[in-house]
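Chain by chain, the residues run as shown.
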Protein chains: 2
Amino acid sequence: MPRRTNTRERLIETAADLFLRQGYAHTGVNEIMQRAQTTSGSFYHFFPTKEDLVLAVVDHIGESLDTGVFSADLAAVTDPVERVFGVVDSYRRHLADNDFTLGSPLGTLAAELSDSHPQVRERLAALFTRWIDHMEVLLEDAGNRLPGDLDRRALADFILSAVEGAAVQARARRSLAPFDATAAGLRRHLGALASTPKAAAAPETRPRPAPASRSSRADWRAW
Amino acid sequence: MPRRTNTRERLIETAADLFLRQGYAHTGVNEIMQRAQTTSGSFYHFFPTKEDLVLAVVDHIGESLDTGVFSADLAAVTDPVERVFGVVDSYRRHLADNDFTLGSPLGTLAAELSDSHPQVRERLAALFTRWIDHMEVLLEDAGNRLPGDLDRRALADFILSAVEGAAVQARARRSLAPFDATAAGLRRHLGALASTPKAAAAPETRPRPAPASRSSRADWRAW
């Protein structure tokens, strides 16, 4: 159930849930209005077209990335390498908590709308880039735990690809196994990078076990 | 343009192209009949429902995996590790040749239909598993180029996740850069696995540059 009383936000959260669960084209405006308990006058006041609504949904996802996945969700994780896996783990929780009915917000919308809705695609592309910006910062924070000449941005691209694809696989297979295999692959990958000869000597070159990061799951769960 | 004259196959190929380009829910039966130049009597003879058609599309994708991506496309590649990257490269060509209008067939349908169409989801899940079966064979063929105790099936899961996510990113960003960064990450990953102490000594531990594998692109292009 939507938690906020603001009509515009309620419409966005309701639409986000339906679009990500059952698809954008599969979701009618009437269904959204009914679930959000609002009138058509109110709906069209805020969103003259359904595309205006999905653009607002994409912006909402962006805010959740900034304040949730890459911020509140990581608040309890101090180890810089474990912060990377804190992000990976937020995808895993999102899949498990919703019983695989929801995949990655970015990837799900991108797969359906990239060709048919150019404006949505452009905004999603900007969000993928923002995700990578955030991840690059985490990888920079890892300092000499990773080789100095490592292209951290390319590594962020690789990590994003892996978690997005793992979410698609896990959702279709209704199993966390492919997700966990992917996360283990990423952990092994970062471990191997950390132990390459070019990595500066550091007190520890292997990631420690992840502390639980359950501080704020609200932003993900709202989707 | 469909190449075959068989009406059923023409309907499947036309539907596959439209579903993958613009989405399943976004594509009407009338549009498919019109593009495939067939009558509604003919359409409903073969496919009583639109869901029957998408199930046939999924089976068609499975055949293309078996005979194209993991067979004909790899015919010119002899090096066992390069055969893995031959599969990765087939995704890249698919994106580039279609100017990013088409993503991964499996991932695109899974993202849209996993929750709303349980029967489609089950069949897609089986295809993801078949993809992994095929990849596991390639990784087994790599023999002592990879550590003997390596979980090849988990590695296949990781590779599938990475290429599926890379395809989503590349399509949304209309750029091969994220795909190439992901492929480079996978190459580095396999290189690191090959040079771990547990890998048996082999004449070469680094993959050679990939020979071009342009032998049979028909199956991918038909999508």
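Because the structure is predicted, anything quoted here is derived from the model rather than measured.

Participant: I would appreciate a short explanation of the overall build of chain A in the present structure.
Facilitator: Helices and strands together make up the secondary structure of chain A, namely 10 helices and 0 strands. Starting at the N terminus, the α and β elements of chain A follow one another as α-α-α-α-α-α-α-α-α-α. When the 223 residues of chain A are sorted by exposure, 48% land in the buried category. Contacts spanning at least 24 positions in sequence make up 71% of the contacts within chain A whose residues lie at least 6 apart.

Participant: Is there a simple way to explain the relation of the copies chain A and chain B in this structure?
Facilitator: Think of it as a corkscrew move, a rotation about one axis and a shift along it, taking one chain copy to the other. Turning chain A through 180 degrees and shifting it by 0.0 Å along the axis lays it on chain B, with an RMSD of 0.0 Å. Such a turn and shift between the copies fits a two-fold axis. Take the interface residues of chain A: 100% of them recur as interface residues in chain B, which is what a same-surface contact looks like.

Participant: Honestly, unusual backbone geometry in this entry has me stumped. Any pointers?
Facilitator: Most peptide bonds take the trans configuration, and most residues that are not glycine carry a negative phi. Residues and elements named next belong to chain A. At glutamine 37, a position not held by glycine, the phi torsion is positive, near 50 degrees. In this structure glutamine 37 comes out as exposed when scored by C-beta crowding, with 11 C-beta atoms within 10 Å. Despite not being glycine, aspartate 99 has its phi angle at roughly 55 degrees, a positive value. On the secondary structure map, aspartate 99 appears in the loop between helix H5 (80–97) and helix H6 (105–113). The class for aspartate 99 is exposed, based on 9 C-beta atoms found within 10 Å.

Participant: For this particular structure, what's the right way to read the environment of aspartate 180 of chain B?
Facilitator: All names here are of chain B. As for its position among the elements, aspartate 180 is in helix H9 (residues 177–194). The class for aspartate 180 is partly exposed, based on 15 C-beta atoms found within 10 Å. When the C-alpha positions of aspartate 180 and alanine 166 are compared, they lie 8.4 Å apart, and in sequence the two are 14 residues distant.

Participant: So what exactly am I meant to see when it comes to the packing of helix H9 (residues 177–194) of chain A against helix H8 (residues 152–173) of chain B here?
Facilitator: The description of two packed helices rests on the angle between their axes and on the distance between the axes. Running from N to C, H9 of chain A and H8 of chain B cross one another at 90 degrees; their axes reach a closest spacing of 8 Å. With respect to H8 of chain B, the axis of H9 of chain A lies roughly perpendicular. Between H9 of chain A and H8 of chain B, the contacting residues are Pro178, Ala181, Thr182, Ala184 and Gly185 of chain A on the first element and Ala154, Leu155, Asp157, Phe158 and Ser161 of chain B on the second.

Participant: Could you clarify how one ought to interpret helix H1 (residues 7–22) of chain A in this entry?
Facilitator: Think of an α-helix as 3.6 residues a turn; residues three or four steps apart then line up on the same face. All names here are of chain A. With 16 residues, H1 should reach 22 Å at 1.5 Å per residue; the first-to-last C-alpha distance of 22 Å fits that figure. Within H1, burial applies to Arg10, Leu11, Ile12, Glu13, Thr14, Ala15, Ala16, Asp17, Phe19 and Leu20. Residues of H1 that are buried in the fold lie against helix H2 (29–35), helix H3 (40–46), helix H4 (50–69) and H6. Glycine 23 lies just past H1 and shows a positive phi near 105 degrees.

Participant: Please explain the interface of chain A and chain B as it appears in this structure.
Facilitator: In many analyses, interface size is given as the accessible surface area lost on bringing the parts together. Of the residues lining the interface, 42 residues belong to chain A; the matching set on chain B comes to 42 residues. Ranked by residue count, the leading element in the side of chain A that touches chain B is helix H8 (residues 152–173) of chain A, at 16 residues. Residues belonging to the side of chain A that touches chain B are distributed by class as follows: 19 nonpolar, 15 polar and 8 charged.

Participant: I would appreciate a short explanation of the nonpolar core in the present structure.
Facilitator: Considering soluble globular proteins, one finds that nonpolar side chains tend to be buried as a cluster. With 130 residues, the main nonpolar core has Leu124 and Ile159 of chain A together with Leu124 and Ile159 of chain B as its most contacted residues. If sequence neighbours within four positions are ignored, isoleucine 159 of chain B has contacts with Val84, Met135 and Leu186 of chain B.

Participant: What is the right way to look at the environment of leucine 95 of chain B in this model?
Facilitator: Residue and element names in this part refer to chain B. Mapping leucine 95 onto the fold places it in helix H5 (residues 80–97). Separated by 48 residues in the primary sequence, leucine 95 and phenylalanine 47 place their C-alpha atoms 29 Å from one another. Sequence-distant contacts of leucine 95, that is, excluding residues within four places in its chain, are made with Phe100, Ala167, Ala170, Arg171, Leu176 and Phe179.

Participant: Honestly, the environment of alanine 166 of chain B in this entry has me stumped. Any pointers?
Facilitator: Topologically, alanine 166 of chain B is positioned in helix H8. Distance from alanine 166 of chain B to leucine 124 of chain B, taken between C-alpha atoms, is 19 Å for residues 42 residues apart in sequence. For alanine 166 of chain B, the residues in contact, after removing those within four places along its chain, are Ser161 of chain A together with Pro178, Phe179 and Thr182 of chain B.

Participant: Which parts of the structure should I look at to understand the packing of H8 of chain A against helix H6 (residues 105–113) of chain B?
Facilitator: At a minimum axis separation of 9 Å, H8 of chain A and H6 of chain B run at an interaxial angle of 65 degrees. Handedness of the H8 of chain A/H6 of chain B crossing: left-handed. Facing Gly165, Val168, Arg171 and Ala172 of chain A of H8 of chain A, the residues of H6 of chain B in contact are Gly107, Ala110 and Ala111 of chain B. Of the residues in the contact of H8 of chain A with H6 of chain B, the class split is 4 nonpolar, 2 polar and 1 charged.

Participant: I'm lost on H5 of chain B in this one. Help?
Facilitator: With 18 residues, H5 of chain B extends 25 Å between its outermost C-alpha atoms, agreeing within 8% with the 26 Å of an ideal straight helix rising 1.5 Å per residue. One or two steps after H5 of chain B, the chain reaches aspartate 99 of chain B, where phi turns positive at roughly 55 degrees.

Participant: Which parts of the structure should I look at to understand the confidence of the model for chain A?
Facilitator: Low pLDDT marks regions whose predicted coordinates should not be analysed in detail. All names here are of chain A. Here chain A averages 88 in pLDDT, while 86% of its residues score no lower than 70. Low pLDDT (under 50) marks residues 199–223, which in the prediction has 61 contacts with non-local residues, meaning those over four places away or in another chain. Interface confidence in the predicted complex, given as ipTM, is 0.87; pTM for the same model is 0.88.

Thresholds applied
Residues numbered from 1 in each chain as written. Chains lettered and ligands numbered in written order. Predicted model: local features only at pLDDT ≥ 70, side-chain atom pairs only at ≥ 80, totals over all residues. Helix = DSSP H or I, 4+ residues; strand = E, 2+ residues; numbered from the N terminus. Buried ≥ 20, exposed ≤ 12 C-beta atoms within 10 Å, placed from the backbone. Contact = placed C-beta atoms within 7 Å. Least-squares fit on C-alpha atoms with pLDDT ≥ 70 in both. Axes fitted to C-alpha atoms, helices over the stretch in contact; angles between N-to-C directions. Parallel < 35°, antiparallel > 145°, perpendicular 65-115°, else oblique. Expected span 1.5 Å × (residues − 1). Nonpolar A, V, L, I, M, F, W, Y, C, P; charged D, E, K, R; others polar. Core = buried A, V, L, I, M, F, W, Y, C linked by C-beta atoms within 7 Å. Left-handed = near helix turned anticlockwise from the far one by under 90°. pLDDT = per-residue confidence, 0-100.

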